[in-house]
Amino acid sequence: MRIYLPEDADEDETAAIAAAVNAYVGARMQAQAAADEDAGDERGWADRRWSYAGRIGDVQRRRVRVPRYAPTDPWTASGRTRRMR
């Protein structure tokens, strides 16, 4: 995606362009999140396990490796974080 900004844009035009880009990116992220949620059971932890490991690190102040066979439901997986090394 390319964005062309006029060199003589005033503050109002710049704000309008920023708002449009923000809305576009937000809609794309929501669409991707919905697609990821629909494919979540098929994908398992293929794409999400590293972010989940980072979240565990932030909350529990330790590094873990989320195994590929971990439950894909975050609530169930959160109950098993002590088993992850």
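Residues numbered from 1 in each chain as written. Predicted model: local features only at pLDDT ≥ 70, side-chain atom pairs only at ≥ 80, totals over all residues. Heavy atoms only, no water.

(A) Broad picture of the overall build of the chain. Each helix and strand counted, the chain has four helices and zero strands in total. In the chain, the succession of helices and strands from N to C terminus is α-α-α-α. Buried residues in the chain amount to 16% of all 85 residues. Sequence separation of 24 or more characterises 27% of the internal contacts of the chain that already satisfy a separation of 6 or more. When the accessible surface of the chain is split by element, carbon and sulfur atoms take 51% of a total near 7300 Å². (Helix = DSSP H or I, 4+ residues; strand = E, 2+ residues; numbered from the N terminus. Buried < 20%, exposed > 50% of the residue type's maximum accessible area, 1.4 Å probe, protein only. Contact = heavy atoms within 4.5 Å. Areas by Shrake-Rupley, 256 points an atom, 1.4 Å probe, with all protein chains shown as cover.)

(B) Structural detail: the nonpolar core. Within the largest apolar cluster, eight residues are counted, these being Tyr 52, Ala 53, Ile 56, Val 64, Val 66, Ala 70, Ala 77 and Met 84. For this core, the element with the most residues is helix 3 (residues 49-60), which contributes three residues. (Core = buried A, V, L, I, M, F, W, Y, C linked by side-chain atoms within 4.5 Å.)

(C) Highlighting the side chain of Arg 49. Within the secondary structure layout, Arg 49 lies in helix 3. If we ignore the near neighbours within four places in the chain, the residues touching Arg 49 are Val 66, Pro 67 and Arg 68.

(D) Main features of a negative patch on the surface. A contiguous patch of negative charge, built from Glu 7, Asp 8, Asp 10, Glu 11, Asp 12 and Glu 13, is present on the exposed surface. If you trace the backbone, Glu 7 turns up in the segment before helix 1 (11-38). (Patch = residues over 30% accessible without salt bridge, like charges linked within 9 Å, V, L, I, M, F, W, Y side chains within 5 Å. Salt bridge = Lys/Arg side-chain N within 4 Å of Asp/Glu carboxyl O. Lys, Arg positive; Asp, Glu negative; His and termini not counted. Charge placed at Lys NZ, Arg CZ, Asp CG, Glu CD.)

(E) Representation of the environment of Val 21 in the model. Tracing the backbone shows Val 21 in helix 1. Here the alpha-carbon distance between Val 21 and Ile 3, two residues 18 residues apart in the chain, equals 8.8 Å.

(F) Fine view of a nonpolar patch on the surface. On the surface, Tyr 24, Val 25 and Met 29 cluster together into a nonpolar patch covering about 290 Å² of accessible area. Mapped onto the elements of the fold, Tyr 24 is located in helix 1.

(G) How the structure looks around the confidence of the model for the chain. The predicted model of the chain averages 81 in pLDDT, with 86% of residues at 70 or higher. When mean pLDDT is compared element by element in the chain, helix 3 scores highest at 87, while helix 2 (residues 40-43) scores lowest at 55. (pLDDT = per-residue confidence, 0-100.)

(H) Focus on helix 3. Look at helix 3: 16 Å from first C-alpha to last across 12 residues, which is about the 16 Å you get at 1.5 Å a residue. Residues of helix 3 that are buried: Arg 49, Tyr 52, Ala 53 and Ile 56. Along the axis of helix 3, the buried residues cluster in a sector spanning 100°; they form a single face. The exposed set on the far side of helix 3, more than 90 degrees from its buried face, consists of Trp 50, Ser 51, Arg 55 and Asp 58. Against the buried residues of helix 3 lie helix 4 (74-78). Taken from the residues just after helix 3, Arg 61 is the one with a positive phi, measuring 55°. (Expected span 1.5 Å × (residues − 1). Arc of directions from axis to C-beta.)

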